[in-house]
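Spelled out, the chains give:
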Amino acid sequence: MRKRRVLGIDPGLAHTGFGIVDSVNGSLRLVSYGVIETSSDEDHSVRLLAIYNRLLAVIDEYRPTEAEMETLYFARNASSALAVAEAKGVISLCLAQQGIPLTMYTPNQIKSSVTGTSSADKDTVEQYVQILLNMKVKPEPDHAADALAGAITHIHSSFNDAFKNLGETV
């Protein structure tokens, strides 16, 4: 039996979504998901430390073997983009310290992998995540759903790479 445990992350300073998905012999299995929240009433550095500590607790509890995070896209609001970039840095540090390899995907890669089209809206992505993970209800909040979609994308991408490599060796 071949099992992989992937941690998907949707980074943000106020809300960092996480989703953990197992791939067992080619089948997807939901393990856990949620959101790490920080308050704007706290000092900026304290918020970053909270993201680090809470992510470390998730890693300690679920022991993922690999991780995925969405690439940063430039928002219209530069200060919000900088805050997300700082959160991504803290997340990357946490994963590196735990020896967990990190792969990044663009929002369009994630939408395309999960739904088959890069033009899918958030609701469609959530519906596909629900179907692919055999969930009774759509995952909420959307930050957690995005993290689950990222984990699914990473698993799909790995399968696609394996098939490409298989074709090259034949």
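Description of the structure in this document. Quick caveat, the model's predicted, so the values are computed rather than measured.

Side note on the overall build of the protein
Piece 1. A tally of helices and strands in the protein yields five helices and five strands.
Piece 2. Along its sequence from the N terminus, the protein presents helices and strands in the succession β-β-β-α-β-α-β-α-α-α.
Piece 3. By residue count, 44% of the 170 residues in the protein fall in the buried class.
Piece 4. When the accessible surface of the protein is summed, it comes to about 9000 Å², and 52% of that surface belongs to carbon and sulfur atoms.

Description of the packing of helix α1 (residues 44–62) against helix α2 (residues 78–97)
Two quantities define a packed helix pair, namely the angle between the helix axes and the distance between the axes.
Piece 1. In the contact formed by α1 and α2, the axes pass within 10 Å of each other and the chain directions differ by 35°. Relative to α2, α1 is oriented so that their crossing is right-handed. Residues His 44, Leu 48, Ile 51, Tyr 52, Leu 55, Leu 56 and Ile 59 of α1 form the contact with α2, whose participating residues are Glu 86, Ala 87, Val 90, Ile 91, Cys 94, Leu 95 and Gln 97.
Piece 2. Considered class by class, the residues forming the contact of α1 with α2 number 11 nonpolar, two polar and one charged.

Side note on the pairing of strand β4 (residues 66–70)
Piece 1. Within β4, five of the five residues are buried, which leaves the element mostly enclosed by the surrounding structure.
Piece 2. Burial along β4 is two-sided: the face carrying Glu 66, Glu 68 and Glu 70 and the face carrying Ala 67 and Met 69 are both buried.
Piece 3. Of the pairings in the sheet, the one linking strand β1 (residues 3–10) to β4 comprises four bridges and is parallel in character. Along β4, the bridge assignment pairs Ile 9 with Met 69.
Piece 4. Strand direction decides the pairing type here: β4 and strand β5 (residues 102–105), joined by four bridges, are parallel. Looking at β5, one finds that Glu 70 is bridged to Tyr 105.

Looking at the sheet that holds strand β2 (residues 15–24)
Piece 1. Across the sheet, five strands lie side by side as β3-β2-β1-β4-β5; this open sheet has mixed pairing. Where the open sheet ends on each side, the last strands, each with one partner, are β3 (27–37) and β5. The average undirected angle you get between the axes of adjacent strands in this sheet is 20°.
Piece 2. Here β2 pairs with β3 via 10 bridges, running antiparallel. Bridged to Thr 16 within β3 is Ile 36.
Piece 3. Set on the sheet, α2 makes contact with β1, β2, β4 and β5; between it and β4 the angle comes to about 170°.

Some details on helix α4 (residues 122–132)
Piece 1. Among all positions of α4, only Val 125, Glu 126, Val 129 and Gln 130 are buried. For α4, the arc enclosing every buried residue in end-on projection is 140°, short of the 170-degree limit, so these residues lie on one face.
Piece 2. Positioned one or two residues after α4, Asn 134 has a phi angle of 55°, which is positive.

A word on the side chain of Asp 10
Piece 1. Within the fold, Asp 10 resides in strand β1.
Piece 2. Here Asp 10 occupies a buried position and makes no salt bridge, while the nearest side chain of opposite charge, Lys 122, is found at 5.9 Å.
Piece 3. The contact partners of Asp 10, leaving out residues within four places of it in the chain, are His 15, Thr 16, Gly 17, Glu 70, His 143, Asp 146 and Ala 147.

Describing the pattern of salt bridges
Note on pairing: side chains with opposite charge can pair once their charged atoms come close.
Piece 1. Under the counting rule described, the total for this entry stands at seven salt bridges.
Piece 2. Measuring nitrogen to oxygen at the nearest pair gives 3.7 Å for the salt bridge that ties Arg 63 to Asp 60.
Piece 3. Here Arg 63 falls in the exposed class, since its relative accessible area comes to 53%.
Piece 4. With relative accessibility at 39%, the residue Asp 60 sits in the partly exposed group.
Piece 5. In this structure, Lys 138 engages Asp 123 in a salt bridge whose closest nitrogen and oxygen atoms are separated by 2.3 Å. Within this pair, whereas Lys 138 is found in the loop between α4 and α5 (142–169), its partner Asp 123 is found in helix α4, the two being separated by 15 residues in sequence.

What counts and what doesn't
Residues numbered from 1 in each chain as written. Predicted model: local features only at pLDDT ≥ 70, side-chain atom pairs only at ≥ 80, totals over all residues. Heavy atoms only, no water. Helix = DSSP H or I, 4+ residues; strand = E, 2+ residues; numbered from the N terminus. Buried < 20%, exposed > 50% of the residue type's maximum accessible area, 1.4 Å probe, protein only. Areas by Shrake-Rupley, 256 points an atom, 1.4 Å probe, with all protein chains shown as cover. Axes fitted to C-alpha atoms, helices over the stretch in contact; angles between N-to-C directions. Left-handed = near helix turned anticlockwise from the far one by under 90°. Contact = heavy atoms within 4.5 Å. Nonpolar A, V, L, I, M, F, W, Y, C, P; charged D, E, K, R; others polar. Pairing = 2+ DSSP bridges. Arc of directions from axis to C-beta. Lys, Arg positive; Asp, Glu negative; His and termini not counted. Salt bridge = Lys/Arg side-chain N within 4 Å of Asp/Glu carboxyl O.

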